[in-house]
Amino acid sequence: MATVKLLTDAEVADIPAAKEVFDDIRATRKSDFINNFWRGLANDPPLLQRTWEGLKAVMAVEGALDPLVREMIYIAVSTANGCSYCVHSHTAAAKARGMTQAQHAELMAVIGLAGQTNHLVTAMQIPVDDQFLA
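So, here's what we can say about the structure. Since the structure is predicted, the reported quantities are computational estimates derived from the model, not experimental observations. (Residues numbered from 1 in each chain as written. Predicted model: local features only at pLDDT ≥ 70, side-chain atom pairs only at ≥ 80, totals over all residues. Heavy atoms only, no water.)

1. Considering the environment of isoleucine 111
Relative to the assigned elements, isoleucine 111 resides in helix H7 (residues 101-124). Since its relative accessible area comes to 17%, isoleucine 111 is described here as buried. Setting aside residues up to four positions removed in sequence, isoleucine 111 forms contacts with Ile75, Ala76 and Thr79. (Helix = DSSP H or I, 4+ residues; strand = E, 2+ residues; numbered from the N terminus. Buried < 20%, exposed > 50% of the residue type's maximum accessible area, 1.4 Å probe, protein only. Contact = heavy atoms within 4.5 Å.)

2. Focus: a nonpolar patch on the surface
A cluster of nonpolar side chains, namely Leu65, Val69, Ile73 and Val77, defines an oily patch on the protein surface of about 300 Å² accessible area. Considering the arrangement of structural elements, one finds valine 77 in helix H5 (residues 67-81). (Patch = residues over 30% accessible without salt bridge, like charges linked within 9 Å, V, L, I, M, F, W, Y side chains within 5 Å. Areas by Shrake-Rupley, 256 points an atom, 1.4 Å probe, with all protein chains shown as cover. Salt bridge = Lys/Arg side-chain N within 4 Å of Asp/Glu carboxyl O.)

3. What to know about H5
For H5, which comprises 15 residues, the first-to-last C-alpha distance of 21 Å matches the rise-based estimate of 21 Å (1.5 Å per residue) to within 8%. Taken as a whole, H5 has its buried residues at Leu68, Arg70, Glu71, Met72, Ile75 and Ser78. In this structure, the buried side of H5 is in contact with helix H4 (45-59), helix H6 (84-96) and H7. N-cap assignment for H5: the residue whose side-chain oxygen lies 2.9 Å from the backbone N of leucine 68 is aspartate 66. Glycine 82 occupies a position one or two residues after H5 and carries a positive phi of about 70 degrees. (Expected span 1.5 Å × (residues − 1). Polar contact = N/O pair within 3.5 Å; in protein donor to acceptor, adjacent residues only side chain to side chain.)

4. Digging into the nonpolar core
Inside soluble globular proteins, nonpolar side chains tend to come together where they are buried. Core analysis: the biggest nonpolar cluster contains 14 residues, and Val12, Phe22, Ile25, Trp38, Ala42, Leu48 and Trp52 have the highest contact counts within it. When residues of this core are traced back to their parent elements, those giving at least two are helix H2 (16-29), helix H3 (36-41) and H4. If we ignore the near neighbours within four places in the chain, the residues touching tryptophan 38 are Phe22, Ile25, Arg29, Leu48, Thr51, Trp52 and Leu55. Counting residues in each nonpolar core, the second largest holds seven residues, with Leu68, Met72, Ala94 and Met99 among its members. (Core = buried A, V, L, I, M, F, W, Y, C linked by side-chain atoms within 4.5 Å.)

5. Thoughts on the state of the cysteines
Inspection of every chain in the model, using the stated rule, returns zero disulfides. Lacking any disulfide linkage, cysteine 83 is separated from the closest cysteine sulfur, that of cysteine 86, by 3.1 Å. (Disulfide = S-S within 2.5 Å.)

6. Here we look at H6
Spanning 13 residues, H6 covers 18 Å between terminal C-alpha atoms, matching the ideal 18 Å at 1.5 Å per step. Every buried residue of H6 is listed here: Cys86, His90, Thr91 and Ala94. Projected down its long axis, H6 shows its buried positions confined to an angular sector of 125 degrees, all on one face. Exposed side of H6, more than 90 degrees from the buried face: His88 and Ala96 are the residues found there. In this structure, the buried side of H6 is in contact with H4, H5 and H7. With its phi angle positive at about 105 degrees, glycine 98 sits one or two positions after the end of H6. (Arc of directions from axis to C-beta.)

7. Things to note about the pattern of salt bridges
Where charged atoms from two side chains of opposite charge come close, those side chains can pair. Across all of its chains, the model carries seven salt bridges by this definition. The residue lysine 5 makes a salt bridge to glutamate 11 at a minimum N-O spacing of 3.1 Å. Look at lysine 5 and you get partly exposed, because its relative accessible area is 47%. In this structure, aspartate 9 and arginine 39 form a salt bridge, with 3.1 Å as the shortest nitrogen-oxygen distance. Here the residue aspartate 9 occupies a position in helix H1 (residues 9-13), and arginine 39 occupies one in helix H3, the gap between them amounting to 30 residues. A relative accessible area of 38% means that aspartate 9 is categorised as partly exposed. A network of salt bridges, in which partner residues are shared, links Asp9, Arg26 and Arg39.

Spatial relationships are all this shows, so hold off on functional conclusions.
This is the structure we're talking about:
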């Protein structure tokens, strides 16, 4: 259960700063859907705007990483951070951007392997090789 109210479109319509962000989310994503994360943040319009602007600056612009790769990285980091909501949200976004079942399976293998080896090297306190420090 959410710890904040998930604002409806009607409630957001009465908060001009939040409505402006929702309108931008819809325009940027070319979709009428506003997910629960943004509906929760709408309780604090300045936080909503800061968070959306940050996400948009990283995830919704042209860059060296293609949008699917960014979504897959987001899935991996969300998995490491234990954020089920973000894993679901960004898996859906990755699939919408063309992630195949085979790519998803490889991603799960990489995430699982990285988690295992990260824990092992941390437990053993292996020093970093000089060649990796350049």
